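# Residue-level structure breakdown
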Amino acid sequence: MKSRAASKLPIMTETSPIITINKLNKWFGKFHVLKDIDLNVNKTEKIVICGPSGSGKSTLIRCINRLEVHQEGSIIVDGTELTDDVKQINEIRSDVGMVFQHFNLFPHLTVLENCTLAPIWVRKKSKVEADELGMELLTKVRIPDQAHKYPGQLSGGQQQRVAIARALCMQPRVMLFDEPTSALDPEMIKEVLETMIELAESGMTMLVVTHEMGFANKVADRVIFMDEGQIVEQNDPENFFNNPKSERTKLFLSQILNH
Amino acid sequence: MADSTLKFKKLPDRDPPENTIGWIAWIRDNLFSSTTNTLTTLIFVYLFYLYIPPFIEWAIINANISGTDRSVCDANKSGACWTFIKVRLEQLLFGLYFASNPEQIWRPIVAFSVFGMLIVPLVIDKTPYKKWLLLALLMLYPVLFICIVYGGVFGIPVSDTGQWGGLLLTFALSFVGIIVALPLGILLALGRRSEMPIVKMMSVTYIEFWRGTPLITILFMASVMLPLFFPSGVDFDKVVRAMIGITLFQSAYTAEAVRGGLQAIDKGQNEASMALGMGYWRRTILIILPQALKISIPSIVNTFIALFKDTSLVSIIGLLDLLKMAQNSSRSLDWNGYDIEGYLFAGFVFWIFCYGMSSYSQKLERKLDTDRRVE
């Protein structure tokens, strides 16, 4: 990635965009899921995306590491535009960590192996190096003692923290979270959110699709509300929650905050 | 919650009631739990009583094993004639060439012994260097087998494959069928799920063609029609032709077994490995296949077992596999009339191999079952 090195040197301010999305449009068959999305994400910025189901919020962040292919518009991640070039896609993916709703840990590998697999095979680290890094990050998410167990032996909250550690082992520049707490029992949501808050405090750039409005309030620099494949409203958390501008946002907030 | 005296108190764990555990409880629950069950149990006990003791009497107690010709058996008709099997054992196991050349018989014996020495440690859990053993079995063993059994190198005389027979032939056909068809089948299964339309179409066509054709037809075609496509003088070995036919046929079945496993893998697995920047082959080899093959072990082994038994169909193109050899021997003038013993022996040998494969697959399944493994 030549362009990264070029763009890195002159502007290292906190406001330089690491993700630039321009007039993004995406269809599933004939269904228009994303309509004219424009979004810039700055380095170290934390963005929470919320909205009703089917609003396209998950699809949007899945477009950023090309788990979904868009048909129109452009997405530039860290100076590289996403095209059909498989090599480029893999390079971007290795720099963009992702955490899924259903964890998607590899059940046939131990927790530590889950963390070290990609560093070894994609980053070409030695096993010793990767193990060290894996243990360091498992310690960070506070489950180093589970390193040699299999994912199936862990609770949902622990599994999701392993998934976060696995993504962090690639030392990504951006982290995408796709409803990371939606599949968890209420007792376990807290431990995952705490891990995410710590990660945010460490300065990671984060895009989080979630309905955890407490988390949004505490961590987000910007909250984005999506509906019908469009960005309806975006603002800093205080203004977003206290003075929502559109009727649609007000309705949504009243529904999720007063249940 | 208003009552502040309400306290949670954990009750101590107790053992289950005495009369629900142990073998008496098991027999009561499983064999005599209802009138129908009791009746069924009694009927089966009666049937066992009716048929098992006479069989044991015939097969073991009164059986003949001494002597070298049929006179012993003819004198004692109340027992099985294992003398027949004993006298014809070399022929049944190694075929006509090695049976009629006693000085060469060490060759199949060495081949089978080496196979045993490779397979036994592979089955045992704690063997070190298992990967290398497996590699030796898949790569070096076939070479060794050809050198020793076929010959033609190191001054070992060539054994005509047309004279191969018995267990040796059954083994050679199945071994080749299994080890070549597995990788081929995996590739075909991946091809069938490929996003590239031409690869997908070709895989589907291949699988459906070979799966839709009976093995007998394929063997006939390999034996009768294949030579028509080649100039006269080019004469493919009959055994090699059978091997090719069996392998092509088997790979289609293996492909479908593997595809079953691939389909069972959650697409999140692929997405998670994509998100880590892994390319297609890394995802497939490191993440997808280990899980998919684990799931498809029962059905893959099922196709292996079916293949092992189906190799006996080669008798229709004139090859004398274990079953045909047993049949032929019991129809020879020397042993005419003792075909039950011949068939029982052949069946027993088939059973040992198939049961071995089946047990190993079950063991493998349990070992790889990481989802439920508790330390």
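Further up the page is the structure itself.
First things first, this report covers the structure right here in the doc.

So, how was this worked out
Residues numbered from 1 in each chain as written. Chains lettered and ligands numbered in written order. Predicted model: local features only at pLDDT ≥ 70, side-chain atom pairs only at ≥ 80, totals over all residues. Heavy atoms only, no water. Pairing = 2+ DSSP bridges. Helix = DSSP H or I, 4+ residues; strand = E, 2+ residues; numbered from the N terminus. Axes fitted to C-alpha atoms, helices over the stretch in contact; angles between N-to-C directions. Contact = heavy atoms within 4.5 Å. Buried area = accessible area lost by both parts, 1.4 Å probe. Salt bridge = Lys/Arg side-chain N within 4 Å of Asp/Glu carboxyl O. Nonpolar A, V, L, I, M, F, W, Y, C, P; charged D, E, K, R; others polar. Parallel < 35°, antiparallel > 145°, perpendicular 65-115°, else oblique. Left-handed = near helix turned anticlockwise from the far one by under 90°. Buried < 20%, exposed > 50% of the residue type's maximum accessible area, 1.4 Å probe, protein only. Expected span 1.5 Å × (residues − 1). Bend = angle between axes of the 7 residues up to and from the residue. Phe/Tyr/Trp six-rings, centres within 6.5 Å; stacked < 30°, edge-to-face > 60°. Lys NZ or Arg CZ within 6 Å of the ring centre and 35° of its normal.

## Some words on the sheet that holds strand β8 (residues 205-209) of chain A
Think of a sheet as strands paired side by side through backbone hydrogen bonds, with each pair either parallel or antiparallel. All names here are of chain A. The sheet built from 6 strands is open, its strands ordered β6-β7-β8-β3-β9-β10 with mixed pairing. Across the chains shown, the open sheet's two edge strands, defined by having one partner strand only, are β6 (96-99) and β10 (230-235). Adjacent strand axes in the sheet meet at a mean angle of 20° when their direction is disregarded. Sheet analysis places strand β9 (residues 222-227) next to β10, joined by 5 bridges and oriented antiparallel. By the bridge assignment for β10, I224 is matched with Q234. Its contacts with the sheet place helix α6 (residues 156-168) against β6 and β7 (174-178), and it is angled at close to 170° to β6.

## Details of the interface of chain A and chain B
Across the boundary between the two partners, chain A contributes 27 residues, which contact 22 residues of chain B. Both faces considered, chain A and chain B share a buried interface measuring about 2200 Å² in area, 58% of it formed by carbon and sulfur atoms. The largest share of the area that chain A buries against chain B comes from R93, F106 and H108 of chain A, three residues that together contribute 23% of it. Taken together, the connections running from chain A to chain B amount to 1 salt bridge. Put simply, R62 of chain A and E271 of chain B hold a salt bridge, and the shortest N to O gap is 2.6 Å. When residues of the side of chain A that touches chain B are traced back to their parent elements, those giving at least two are α3 (86-95), β6 and α4 (111-121) of chain A. For the side of chain A that touches chain B, the per-class residue count stands at 14 nonpolar, 8 polar and 5 charged.

## Quick word on the sheet that holds strand β1 (residues 17-28) of chain A
All names here are of chain A. Pairing is antiparallel in the open sheet, where 4 strands are placed in the order β2-β1-β4-β5. Strand pairing shows two members of the sheet lacking a second neighbour, β2 (31-42) and β5 (80-81), which therefore form its edges. Relative to the sheet, helix α2 (residues 57-64) contacts β1, β2 and β4 (72-77), its axis offset from that of β1 by approximately 120°.

## A look at the packing of helix α13 (residues 280-310) of chain B against helix α15 (residues 339-368) of chain B
All names here are of chain B. Viewed as axis vectors pointing N to C, α13 and α15 meet at an angle of 175°, and their least axial separation amounts to 10 Å. Between α13 and α15, the angle falls in the class roughly antiparallel. Between α13 and α15, the residues in contact are K294, I297, P298, V301, F304, I305, F308 and K309 and F350, F353, C354, M357, S358, S361, L364, E365 and L368, respectively. For the contact of α13 with α15, the residue count by class is 12 nonpolar, 2 polar and 3 charged.

## Quick word on the packing of helix α8 (residues 166-192) of chain B against α15 of chain B
Residue and element names in this part refer to chain B. Two elements in contact, α8 and α15, have axes whose closest approach is 12 Å; the angle formed by their N-to-C orientations is 25°. Taken as axis vectors, α8 and α15 run roughly parallel relative to one another. The two elements α8 and α15 meet at a crossing, and its hand is right-handed. Contact residues: L167, T170, F171 and I178 in α8; V349, F350, F353 and M357 in α15. Considered class by class, the residues forming the contact of α8 with α15 number 7 nonpolar, 1 polar and no charged.

## A short note on the pairing of β8 of chain A
Residues and elements named next belong to chain A. Burial analysis of β8 places 5 of its 5 residues in the buried class, which makes it a mostly covered element. By the alternation rule, side chains of β8 split into T205, L207 and V209 and M206 and V208, which are all buried. Here strand β3 (residues 46-50) runs beside β8; their pairing, made up of 4 bridges, is parallel. Following the sheet pairing, V48 is matched in β8 by V208. Relative to β8, β7 is paired through 5 bridges, and the arrangement is parallel. Paired with M175 across the bridge in β8 is M206.

## A word on α13 of chain B
With 31 residues, α13 of chain B extends only 36 Å from end C-alpha to end C-alpha; this falls clearly short of the ideal 45 Å at 1.5 Å per step. I297 of chain B marks where α13 of chain B bends most, by close to 60°; the proline P298 of chain B follows one to four residues later.

## Some remarks on the packing of aromatic side chains
Counted under the stated rule, the structure contains 24 aromatic pairs over all chains. Ring centres of F44 of chain B and F48 of chain B lie 6.4 Å apart, and the angle between their planes is 50°; on these two criteria the pair is classed as tilted. On the criterion of helical spacing, the pair formed by F44 of chain B and F48 of chain B is a turn pair, its members being 4 residues apart in helix α2 (residues 35-61). With relative accessibility at 46%, the residue F44 of chain B sits in the partly exposed group. Seen in terms of ring centroids, F115 of chain B and F175 of chain B are 6.1 Å apart; in terms of plane orientation they differ by 90°. Their pairing is edge-to-face. Of this pair, F115 of chain B sits in helix α6 (residues 106-123) while F175 of chain B sits in helix α8, placing them 60 residues apart in sequence. Neither residue differs from the other here; F115 of chain B and F175 of chain B are each classed as buried. Aromatic ring contacts, followed pair by pair, group F94, F112, F115, Y141, F145, W164, F171 and F175 of chain B into a single cluster. Here R166 of chain A stacks its cationic end above the ring of F106 of chain A, 4.5 Å away from the centre of that ring.

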